[in-house]
Amino acid sequence: MAPDSSFVLRRAATLALACNDLSRARDLLSIVLRRNANDREGVTLYLLTDPKRHRVLRWAFIFRYWRKGHLILGTLSWLAMWIIFLVIAIPLAILTHVGGLAIALCFRSFIQSRYKAHRKEVEAHFETFALGQEF
């Protein structure tokens, strides 16, 4: 209905990313970010399109949509993932005498710090190509 709308382009990019079509999602998000380099959702999605970075976050994003598309198989795989996590996390917490929560928080903070640094790089890059206020 409105192919030039940033909202429509972000939704199309979300679908492309959910289907693991990184190049298509990256192209659509580049258009959005050239118009408005401060588009937070656009930057967030754009970071996930980098094929060499943020694999864990991208996998979680894709898995969420895959799970919704495959109801029974998706639910079973989600349950299996949590069971495997608990089977690994509980013995690890017992062996290291560190709570599993502390291990998970350290892992999450590591991934978030890498993500935030990359986010700043991308925002700075698109600031140079962004349209001026007169547009």
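Here is what the cut-offs are and how they apply
- Residues numbered from 1 in each chain as written.
- Predicted model: local features only at pLDDT ≥ 70, side-chain atom pairs only at ≥ 80, totals over all residues.
- Heavy atoms only, no water.
- Helix = DSSP H or I, 4+ residues; strand = E, 2+ residues; numbered from the N terminus.
- Rg over C-alpha atoms; globule rule 2.2 N^0.38 Å.
- Buried < 20%, exposed > 50% of the residue type's maximum accessible area, 1.4 Å probe, protein only.
- Polar contact = N/O pair within 3.5 Å; in protein donor to acceptor, adjacent residues only side chain to side chain.
- Core = buried A, V, L, I, M, F, W, Y, C linked by side-chain atoms within 4.5 Å.
- Contact = heavy atoms within 4.5 Å.
- Axes fitted to C-alpha atoms, helices over the stretch in contact; angles between N-to-C directions.
- Parallel < 35°, antiparallel > 145°, perpendicular 65-115°, else oblique.
- Nonpolar A, V, L, I, M, F, W, Y, C, P; charged D, E, K, R; others polar.
- Left-handed = near helix turned anticlockwise from the far one by under 90°.

Across its full length, the chain holds six helices and zero strands. In the chain, the succession of helices and strands from N to C terminus is α-α-α-α-α-α. What you see for the chain is a C-alpha radius of gyration of 18 Å, clearly larger than the 14 Å of a compact globule of 135 residues, by over 25%. Dimensions of the chain, computed from C-alpha atoms along their principal axes, come out at roughly 60 × 35 × 20 Å.

Buried within helix α3 (residues 40–48) are the following residues: Gly42, Val43, Leu45, Tyr46, Leu47 and Leu48. The backbone nitrogen of Glu41 has a side-chain oxygen 3.3 Å away, supplied by the residue at the start of α3, namely Asp39.

Formed by 22 residues in total, the largest nonpolar core has its most connected members in Leu17, Tyr46, Phe61, Val122 and Phe126. Those elements giving two or more residues to this core turn out to be α1 (6–18), α2 (22–35), α3, α4 (55–69) and α6 (100–129). Residue contributions to this core peak at six residues, all from α2. Not counting the four nearest positions on each side in its chain, Phe126 is found in contact with Ser30, Leu33, Arg34, Ala37 and Tyr46.

So, about the environment of Arg53. Tracing the backbone through its elements, the reader meets Arg53 in the loop between α3 and α4. Engagement of the side chain of Arg53 in a polar contact is seen with the side chain of Glu121, the distance being 3.5 Å.

On the secondary structure map, Arg119 appears in helix α6. Reaching out from Arg119, the side chain makes a polar contact with the side chain of Thr44 at a distance of 3.0 Å. In contact with Arg119, other than residues within four places in its own chain, are Arg40, Val43, Thr44 and Leu47.

Now for the packing of α4 against helix α5 (residues 71–96). At a minimum axis separation of 6 Å, α4 and α5 run at an interaxial angle of 135°. Of the possible angle classes, the one that applies to α4 and α5 is oblique. Here Trp59, Phe63, Trp66, Arg67, Lys68 and Gly69 of α4 come into contact with α5, specifically with Leu71, Leu73, Gly74, Thr75, Ser77, Trp78 and Met81. Considering only residue class, the contact of α4 with α5 consists of seven nonpolar, four polar and two charged.

One can describe the packing of α1 onto α3 by two numbers: an axis separation of 11 Å at closest approach and a directional angle of 25°. For the element pair α1 / α3, the angle class is roughly parallel. Read as a crossing pair, α1 and α3 show a hand that is left-handed. Along its contact with α1, which presents Arg10, Arg11, Thr14 and Leu17, the element α3 presents Glu41, Gly42, Leu45 and Leu48.

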